[in-house]
Amino acid sequence: MDLKTASAIRRLRLVSAPEAVSFLLLLVCSVLKRTTDFNAVPVMGMVHGVLFILYVIFWADAWNRTKWSLKTAALYFVLSVLPTGGFFAERKLKREAEDAVIASRARKEGTVSA
């Protein structure tokens, strides 16, 4: 894995968990808006919107660089629209990056021929 591909995956990982947290907070704010006088939906909506747009941009970049299959790319996109999906995406991306580093070191040491 080259440096740009690793950076693309890292950026996607870094934005996935905050995007999931903002989604959950937006849901809480929506409930509070309807049950109390507290209305933080405009603020949380904007925060979540910005994080979601960043997620989609970083997802597209990672898909382009990693050459994921359509199934894998669709999985990461679907995880972005589920309330806790960003946490699962972050964990899966971390595992994928670690596996790529291990494979790269094995090829460098001559353990594996690929």
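All residue numbers here refer to positions counted from 1 along the written sequence of the relevant chain. With the structure being a predicted model, the display of local features is reserved for residues of pLDDT at least 70 and the display and counting of side-chain atom pairs for 80 or more, all residues being used for whole-chain, interface and lining totals. Think of the side-chain values as coming from all heavy atoms in the structure, minus any hydrogens and water.

Comment text from UniProt for the chain, heading Subcellular location (unreviewed entry), reads "Cell membrane". UniProt positions are given in the numbering used here, feature names are shortened, and annotations may be inferred rather than shown by experiment.

Novice: For this particular structure, what's the right way to read the environment of Tyr-55?
Specialist: The secondary structure listing takes helices from DSSP runs of H or I that are at least 4 residues long and strands from runs of E that are at least 2 residues long, numbered from the N terminus. Of note, Tyr-55 is situated in helix 2 (residues 41–66). A C-alpha to C-alpha distance of 6.0 Å links Tyr-55 and Val-15, two positions 40 residues apart in sequence. If we ignore the near neighbours within four places in the chain, the residues touching Tyr-55 are Leu-12, Val-15, Ser-16, Glu-19, Tyr-76, Ser-80 and Ala-89. Counted as a polar contact is a pair of N or O atoms within 3.5 Å, where, for protein atoms, one must be capable of donating a hydrogen and the other of accepting one, and residues adjacent in sequence contribute only when both atoms are in side chains. Side-chain polar atoms of Tyr-55 contact the backbone oxygen of Tyr-76, separated by 2.9 Å. Residue contacts follow a heavy-atom distance rule, with two residues in contact if any of their heavy atoms lie within 4.5 Å.

Novice: Please clarify how unusual backbone geometry should be interpreted in this entry.
Specialist: Phi is mostly negative for residues that are not glycine, and the peptide bonds are mostly trans. Despite not being glycine, Lys-67 has its phi angle at roughly 60°, a positive value. For Lys-67, the location among the structural elements is in the loop between helix 2 and helix 3 (70–81).

Novice: Would you mind showing me how to read the packing of aromatic side chains here?
Specialist: Geometrically, a pair of aromatic rings is defined through the distance of the ring centres and the angle of the planes. For this analysis, a ring pair means two rings from Phe, Tyr or Trp (six-membered ring only for Trp) whose centres lie within 6.5 Å, classed as stacked if their planes differ by under 30 degrees, edge-to-face if by over 60, and tilted for the remaining angles. One pass over the structure, following the stated rule, counts three aromatic pairs. Seen from their ring centres, Trp-59 and Phe-77 are 5.2 Å apart, and the 50° between their planes marks the pair as tilted. Residue Trp-59 is found in helix 2, and its partner Phe-77 is found in helix 3; the two are separated by 18 residues along the sequence. Note on Trp-68 and Tyr-76: the rings are 4.7 Å apart at their centroids and 35° apart in plane angle, and the pair reads as tilted. Taken together through their ring pairs, the aromatic side chains of Trp-59, Trp-63 and Phe-77 make up a single cluster.

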